[in-house]
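# Observations on the three-dimensional arrangement
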Amino acid sequence: MLDLRLIRENPHMVKSAMEKRGLGPDISKIDEIIEADSERRKVLVEVERLKQLRNETGDKIAELKKRKEDASGLIAEMRKISDRIKELDLKVRDIDETLRLLLLEVPNIPHESVPVGADERSNVEVRRWGEAPSFSFKPKPHWEIGEALGILDFKAGAKIASSRFTLLRGAGALLERALINFMLDLHTREHGYTEVFPPILANRDSFIGTGQLPKFEEDMYVCSDDLLLAPTAEVPVTNIHRDEILKESELPIKYTAYTPCFRREAGSYGRDVRGIIRQHQFNKVELVKFAHPDNSFDELESLTRDAEEILQKLGLHYRVVVLSTGDLGFSAAKTYDLEVWLPGAGEFKEISSCSCFTDFQARRANIRFRPEDGGKPRFVHTLNGSGLAIGRTFAAILENFQLDDMRVVIPPVLRPYMGGMTVIEKY
RNA sequence: GGAGGGAUGGCAGAGUGGACUAUUGCGGCGGUCUUGAAAACCGUUGAGCACUGCAAGGUGCUCCCUGGGUUCGAAUCCCAGUCCCUCCGCCA
């Protein structure tokens, strides 16, 4: 959520930010907001004046009653004032609700360092690590390898649930678990993150806090009791501190969490239909930071490097791209995607998305800190990134470390997590 | 699922219709004392919004779990809901 005062005082800047995102048609919302805001303040002035009168007259009535004098004239007068107050209060509430709904649909303002462009074709590569492995044979896609080894069972996943669900078996299930543990260990032991294991169902307030609601409900699995399955640990973990005032000295707060994630993938029919790249349920280790506004973009750099280190330790070739304004997520001010090389597909594929949300989520979720000098509470800046998506890492390992007989060499850093196994053999 | 208890400021915890401008304690901050610190003592310390002012500030309104209601007036009375705790039942 943007600061209403920013919109009021600098509407052109907000409109131009929306244009850069390719949201030209939604610009009229800004004018609606400005109009509702000025109407609200007009009514507010009147109702507050009446309330002052009510409070003062109330004291007079109490005084008269104490002296056992007649107050019926004042009481009759106040009855009318009171009705008028009720009327105006209702009006303010209506405007407030309209304003709130409008504000919740305005996206964050991109950081000045973000390249301007219509879509992902304007994303800019900022660095590249390692080299693509060379093969003496045609590398296969991960789903062929996984099925041949008996560690990926797409038929079973579809039978149990539906398409875009996969059963992992034997060394596959073990590899998944090894990746989770390896990533959590690195982030907690070497990068200073505190491990948490949150609820994976969360309420609507939490989803509004991080920006998935109200705009993107069709992407979510909504359960009975009005709880929703988290599409990313970002939702429950960021909301740990909803409605709290933190100490300045405890910033940045850094959490890492392993959770399953659930996405309906509405509107992605035909994309990544084969394999485990795009699933309704997948595992992810997430990194979340609550940072001081003064250095949040430095924290984005270090968070991104924390995620990159996983790929480096696994020996996977990747590149880092900064998303352009047209590809940037609704809540984000700046995002780096890590894209891993997939030899089977012959392309780079997103494996992590690291974002700084400035105070956009903090405003929605009301997460503040109290400055040490005793000033007013200020909103923190929130950040998060995948560190990493487990399923896509799994796929990258299969494709990058495959042998000509479809066996797969396990990266050395994972071997201790897999009972010393060095190669995945046919199950 | 059944029965009972509860929700008040960073925390603890009083307050049953007008004196609440929400008592008090702890914690925080500032000061006195001290070589320094602790203790003691003194002072100070919630959030949001609006109006006003060049500014420091000033004025007002709202907020005692949420939403309704009663009343001239509600932290306080009534109704509904949410969450937490205790006990019983069921259960991994």
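Residues numbered from 1 in each chain as written. Chains lettered and ligands numbered in written order. Predicted model: local features only at pLDDT ≥ 70, side-chain atom pairs only at ≥ 80, totals over all residues. Heavy atoms only, no water.

If you tally the helices and strands in chain A, you get 12 helices and 17 strands. Principal axes of the C-alpha set define a box for chain A whose edges measure 100 × 45 × 40 Å. Out of the 427 residues belonging to chain A, those deemed buried represent 51%. The contacts of chain A with a sequence gap of at least 6 include a subset with a gap of at least 24, amounting to 73%. When the accessible surface of chain A is summed, it comes to about 20,500 Å², and 49% of that surface belongs to carbon and sulfur atoms. Each charge class in chain A was averaged separately, 62 positive and 69 negative side chains, and the resulting centres sit 3 Å apart. (Helix = DSSP H or I, 4+ residues; strand = E, 2+ residues; numbered from the N terminus. Buried < 20%, exposed > 50% of the residue type's maximum accessible area, 1.4 Å probe, protein only. Contact = heavy atoms within 4.5 Å. Areas by Shrake-Rupley, 256 points an atom, 1.4 Å probe, with all protein chains shown as cover. Lys, Arg positive; Asp, Glu negative; His and termini not counted. Charge placed at Lys NZ, Arg CZ, Asp CG, Glu CD.)

Spatial strand order, β1-β10-β11-β12-β15-β9-β8-β4: 8 strands in an open sheet with mixed pairing. Across the chains shown, the open sheet's two edge strands, defined by having one partner strand only, are β1 (124-129) and β4 (194-196). If you compare each strand with its neighbour and ignore which way they point, the axes differ by 25 degrees on average. Relative to strand β15 (residues 381-389), strand β9 (residues 281-291) runs antiparallel, the two being bridged by 7 bridges. What sits directly across from Glu286, in β15, is Ser386. Seen against the sheet, helix α7 (residues 171-189) touches β4, β8 (253-262), β9 and β15 and runs at an angle of roughly 10 degrees to β9. (Pairing = 2+ DSSP bridges. Axes fitted to C-alpha atoms, helices over the stretch in contact; angles between N-to-C directions.)

In this section: the environment of Val320. Here Val320 shows up in strand β10 (residues 318-322). Looking at Val320, the relative accessible area reads 0%, which means it is buried. Between the C-alpha atom of Val320 and that of Trp129, which follows or precedes it by 191 residues, the distance is 8.5 Å. Ignoring sequence-local partners within four residues, the contact set of Val320 consists of Val124, Glu125, Val126, Arg127, Glu308, Tyr336, Asp337 and Leu338.

Another aspect to go through is the protein's contact with RNA strand B. The environment of RNA strand B is made up of 25 residues, and the closest members are Asn55, Lys66, Arg79, Ser82 and Arg93. Across the atoms of RNA strand B situated within 4 Å of the protein, the share located in sugar and phosphate is 69%. The contact in question runs from a phosphate oxygen of RNA strand B to an N or O atom on the side chain of Arg5, over 3.2 Å. Within the contact set of RNA strand B, a phosphate oxygen lies 3.4 Å away from a side-chain nitrogen or oxygen of Lys376. The greatest single-element share of the surface near RNA strand B, amounting to 14 residues, is contributed by helix α3 (residues 28-66). Its residues assigned to classes, the surface near RNA strand B shows 7 nonpolar, 4 polar and 14 charged. (Near = heavy atom within 4 Å. Polar contact = N/O pair within 3.5 Å; in protein donor to acceptor, adjacent residues only side chain to side chain. Nonpolar A, V, L, I, M, F, W, Y, C, P; charged D, E, K, R; others polar.)

Let us look at the pattern of salt bridges. Under the definition given, this model contains 29 salt bridges. Between Asp31 and Lys15 there is a salt bridge, with its nearest N and O atoms 2.9 Å apart. Taken together, the residues span a long stretch of sequence, with Asp31 in helix α3 and Lys15 in helix α2 (residues 11-20) at a distance of 16 residues. On the basis of relative accessibility, which here comes to 18%, the residue Lys15 falls in the buried class. Here Arg363 makes a salt bridge to Asp359, at a shortest N to O gap of 2.8 Å. A cluster of three or more residues bridged by salt bridges with shared partners is formed by Glu125, Arg128, Arg319 and Glu339. (Salt bridge = Lys/Arg side-chain N within 4 Å of Asp/Glu carboxyl O.)

Turning our eyes to something else, we now look at the sheet that holds strand β13 (residues 367-370). The strand order across the open sheet formed by 3 strands is β7-β13-β14, and the pairing between neighbours is mixed. Pairing within the sheet leaves two strands with one partner each, and these edge strands are β7 (244-247) and β14 (378-379). Here 2 bridges tie β13 to β14, and the two strands are oriented antiparallel to one another. Residue Phe369 lies in a different strand from β14, and its bridge partner there is Arg378.

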